[in-house]
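Now for the letters of each chain:
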Amino acid sequence: MAPPGPAGAHPTSAEPLSRNIFRKFLLMLCSLLTSLYVFYCLAERCQTLSGPVVGLSGSGDEAGAPGRGVLAGGPRELAVWPAPAQRKRLLQPQQWRRRRPPAPRDDGDEAAWEEETPGLAGGPGGSGAGSSVAEAPPGTLALLLDEGSKQLPQAIIIGVKKGGTRALLEFLRVHPDVRAVGAEPHFFDRSYDKGLAWYRDLMPRTLEGQITMEKTPSYFVTREAPARISAMSKDTKLIVVVRDPVTRAISDYTQTLSKRPDIPTFESLTFRNRTAGLIDTSWSAIQIGIYAKHLEHWLRHFPLGQMLFVSGERLISDPAGELGRVQDFLGLKRIITDKHFYFNKTKGFPCLKKAEGSSRPHCLGKTKGRTHPAIDGEVVRRLRDFYRPFNRKFYQMTGHDFGWD
């Protein structure tokens, strides 16, 4: 009888061999899927470097020295920051953005940001309507490593409504050492009875050397706010964004008009008695712009040196210059420069080349920069006459002439 051929030489060995190969294949596939899942979780929840930072460079001098990170916005064009800051940012929670319909609000801060497609920076950008910024829960990695803690804010943007507070806050959030809550807490005017523990819990986690901030423009005109903030901490730094009070009043009215088209005209709301020329100072749109009156309450609790007054006009015409003053006031390194901005001609506002937690250009949403209705020139003239003495007093109190007259 002839010996069996090669195919029948070992009838039982082929089957175990295929099972081994199959098992190894399954093991490798599971490992790959697990690795992808872990990578996805880390990429979703943790940002390596915030805002305009795109990577690390391992060679070169200024823009690529070992152990330093490079800020993006063009080749070698922005400042660098040291390795300790990089390590801090590796553990910092990621901000995430989602679009949702705008909720009705009465604090004058409807807008957040809208994304623009790179290369279309000069256009209106994004869908914008009702876009909003939401804070993500603390980063998974930071929680696992127990890194960072929630602190009461060391700096607060306290005003004013329709002055440019949202723009300032979003510009500041580009800085790696600034952490700010996105929504307005309204703690010192509406929710003070909830206590400081509740307020602290609203704040984002910060690491050593970072500043916690919030902004609620209505604080500036709330009588109780100065004493309440002072009771929290006498060392709190206060930032006030101010704007020509006449333009601010018209902007305030324009926002209200967009929500309630049936309201009376600006001219009729401005006067108690138009024939006599009596301005109605009880109307909030007028009252907010009497800056000197509101500042007196704050100076009873805080020294002038603890307050910074930012020009809303210069925030548009020279955002980097105003941001330089703000960074100095907060004791921060001047990282935010003119290379972070471009001017959107359609909107008439400066926009960020790369906002915090995003690699895309960002502009204020469509609820910002609305076209103002035509106002009777005589009414505007009377308003300017009304505000002039208050403006001059405000210039004297702050030591700064804003040039509104």
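Worth saying up front: this structure is predicted, and the values here are computed from it rather than measured.

Points about the sheet that holds strand β9 (residues 178-180)
Strand order in the open sheet formed by 5 strands is β9-β11-β8-β12-β15, and the pairing between neighbours is parallel. Taken across any chain shown, the strands that pair with only one partner, and hence form the sheet edges, are β9 and β15 (307-311). Across the sheet, the mean angle from the axis of one strand to that of its neighbour is 25 degrees, orientation sign disregarded. When strand β12 (residues 237-242) meets β15, the two strands line up parallel, connected through 5 bridges. What sits directly across from V240, in β15, is F309. Strands in contact with helix α12 (residues 319-329) are β12 and β15; relative to β15, the strand with the most contacts, it is inclined by about 170 degrees.

Side note on the packing of helix α10 (residues 291-299) against helix α13 (residues 377-398)
A pair of packed helices is captured by two measures, namely the crossing angle of their axes and the spacing between those axes. In the contact formed by α10 and α13, the axes pass within 8 Å of each other and the chain directions differ by 35 degrees. Residues Y291, A292, L295, E296 and L299 of α10 form the contact with α13, whose own contacting residues are F390, K393, F394, M397 and T398. Looking at the contact of α10 with α13 residue by residue, the class counts come to 7 nonpolar, 1 polar and 2 charged.

Some thoughts on the UniProt feature "active site" (unreviewed entry) in the protein
Residues annotated by UniProt as "active site" (unreviewed entry) correspond here to K162. Mapped onto the secondary structure, K162 falls in the loop between β8 (155-159) and α4 (165-172). With a relative accessible area of 10%, K162 lands in the buried category.

Let's talk about the pattern of salt bridges
Summed over all chains, the structure comprises 18 salt bridges. E170 is the partner of R173 in a salt bridge, and the nearest nitrogen-oxygen pair spans 3.2 Å. R173 gets classed as buried once you look at its relative accessible area, which sits at 1%. For D385, the salt bridge is made with R388, and the minimal N-O distance between the two is 2.9 Å. Residue D385 and its partner R388 are both found in helix α13; the two are separated by 3 residues, about one turn of the helix. Overall, the relative accessible area of 24% leaves R388 in the partly exposed class.

Some words on unusual backbone geometry
Residue V160 follows G159 across a cis peptide bond; omega there is -5 degrees. Relative to the helices and strands, V160 is located in the loop between β8 and α4. One non-glycine residue, K162, lies in positive phi territory at about 60 degrees. For H186, which is not a glycine, the phi torsion comes out positive at approximately 55 degrees. Here H186 shows up in the loop between β9 and α5 (196-202). In this structure H186 comes out as buried when scored by relative accessible area, which is 5%.

Basis of the calculations
- Residues numbered from 1 in each chain as written.
- Predicted model: local features only at pLDDT ≥ 70, side-chain atom pairs only at ≥ 80, totals over all residues.
- Heavy atoms only, no water.
- Pairing = 2+ DSSP bridges.
- Helix = DSSP H or I, 4+ residues; strand = E, 2+ residues; numbered from the N terminus.
- Axes fitted to C-alpha atoms, helices over the stretch in contact; angles between N-to-C directions.
- Contact = heavy atoms within 4.5 Å.
- Nonpolar A, V, L, I, M, F, W, Y, C, P; charged D, E, K, R; others polar.
- UniProt positions renumbered as here; feature names shortened; annotations may be inferred.
- Buried < 20%, exposed > 50% of the residue type's maximum accessible area, 1.4 Å probe, protein only.
- Salt bridge = Lys/Arg side-chain N within 4 Å of Asp/Glu carboxyl O.

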